Amino acid sequence: MDNAQLGFHPEHDHHHCIEQALEDARSLCKTRGLRFTPIRELVLRSIWQSHKPLGAYELLPTLAEAGFNSAPPTVYRALDFLQEQGLVHRIALLNAFIGCPHPGEQHESSFLICKQCNNAVEIDTDNIVQAIAGQARKLGFQPEQQSIEVLGLCPRCQQGDDA
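About the thresholds
Residues numbered from 1 in each chain as written. Predicted model: local features only at pLDDT ≥ 70, side-chain atom pairs only at ≥ 80, totals over all residues. Heavy atoms only, no water. Axes fitted to C-alpha atoms, helices over the stretch in contact; angles between N-to-C directions. Helix = DSSP H or I, 4+ residues; strand = E, 2+ residues; numbered from the N terminus. Parallel < 35°, antiparallel > 145°, perpendicular 65-115°, else oblique. Contact = heavy atoms within 4.5 Å. Nonpolar A, V, L, I, M, F, W, Y, C, P; charged D, E, K, R; others polar. Phe/Tyr/Trp six-rings, centres within 6.5 Å; stacked < 30°, edge-to-face > 60°. Left-handed = near helix turned anticlockwise from the far one by under 90°. Salt bridge = Lys/Arg side-chain N within 4 Å of Asp/Glu carboxyl O. Buried < 20%, exposed > 50% of the residue type's maximum accessible area, 1.4 Å probe, protein only. Disulfide = S-S within 2.5 Å.

Describe the packing of helix 3 (residues 38-47) against helix 5 (residues 72-84), listing the residues and the values that go with them.
Interaxial distance between helix 3 and helix 5 falls to 9 Å at its minimum, and their mutual angle equals 75°. With respect to their mutual orientation, helix 3 and helix 5 come out roughly perpendicular. For the pair formed by helix 3 and helix 5, the contact residues are I39, R40, V43, L44 and I47 on the first element and T74, V75, A78, L79, F81 and L82 on the second. Residue composition of the contact of helix 3 with helix 5, grouped by class: 9 nonpolar, 1 polar and 1 charged.

Put into structure tokens, the structure is as follows:
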């Protein structure tokens, strides 16, 4: 199953996603000489529990239940770290975060977001990114970062299934 289908199929096994994301994070942090602290691990694990983007405030109860400081700066520091390392992406449209299925690879992020069930998937849009870069060059503009976010209905919600 490709990345574009993961969040839109209920039979998908999230356990595998979670374990793979944590393994990737540990390896990446070890390679880069960074600490993958228990709080960072808990935040990443929580984000990968489903393919629904989570806001920082939605993560606070999980930190509190685990006995960590559940003040907003704590979760924001963890999210900043995870985002800087390419382990999560921020979805601006939702002001929320989602796990990256291919961390450590330099790429621009593009998402399909279901407006009904809130599932989101990262998709490959290299051709669109290249077209934008070409237009930017023509105008003398130097892009530094971009994210494409498409709001619509996933296959399940189009069929009227409960999300």
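Now that the structure has been shown, we can carry on.
How would you summarise unusual backbone geometry if you had to cite specific residues and measurements?
Of note, the phi angle at N95 is positive, near 50°, even though the residue is not glycine. Checked against the element boundaries, N95 lands in the loop between strand 1 (88-91) and strand 2 (96-99).

Tell me what's going on with the packing of aromatic side chains, and back it up with residues and numbers.
The description of an aromatic ring pair uses the distance of the two centres, along with the angle that the planes make with each other. A complete count under the given rule lists 1 aromatic pair for this structure. When the ring of Y57 is compared with that of Y76, the centres are 6.4 Å apart and the planes differ by 75°; the resulting orientation is edge-to-face. One end of the pair, Y57, is in helix 4 (residues 56-65); the other, Y76, is in helix 5, with 19 residues separating them in the sequence.

Could you give an account of the packing of helix 2 (residues 14-32) against helix 3, with specific residues and numbers?
Helix-helix packing is characterised by the crossing angle of the two axes and by the distance between the axes. One can describe the packing of helix 2 onto helix 3 by two numbers: an axis separation of 9 Å at closest approach and a directional angle of 145°. When you trace helix 2 past helix 3, the crossing you get is right-handed. Mapping the contact onto sequence places I18, E19, A21, L22, A25 and R26 in helix 2 and E41, L44 and R45 in helix 3. The residue inventory of the contact of helix 2 with helix 3, partitioned by class, reads 5 nonpolar, no polar and 4 charged.

Describe the pattern of salt bridges, with residues and values.
In this structure the tally under the stated criterion is 3 salt bridges. The closest approach of N and O atoms between R26 and E41, which form a salt bridge, is 3.0 Å. Linking R26 in helix 2 with E41 in helix 3, this pair joins segments that are 15 residues apart in sequence. Here R26 falls in the partly exposed class, since its relative accessible area comes to 38%. Taken together, the shared-partner salt bridges connect E19, R26, E41 and R45 into one network.

Give a description of the state of the cysteines that names residues and reports values.
Two cysteines, two sulfur atoms, one covalent bond between them: this is a disulfide. Here the structure, examined in full by the defined rule, presents 0 disulfides. Take C17: it sits in no disulfide, and the sulfur closest to it among the cysteines is that of C100, at 12 Å. Its relative accessible area of 8% is what places C17 among the buried residues. Of the cysteine sulfurs around C117, a residue in no disulfide, the closest is that of C114, at 3.6 Å. For C117, a relative accessible area of 4% translates into the label buried.

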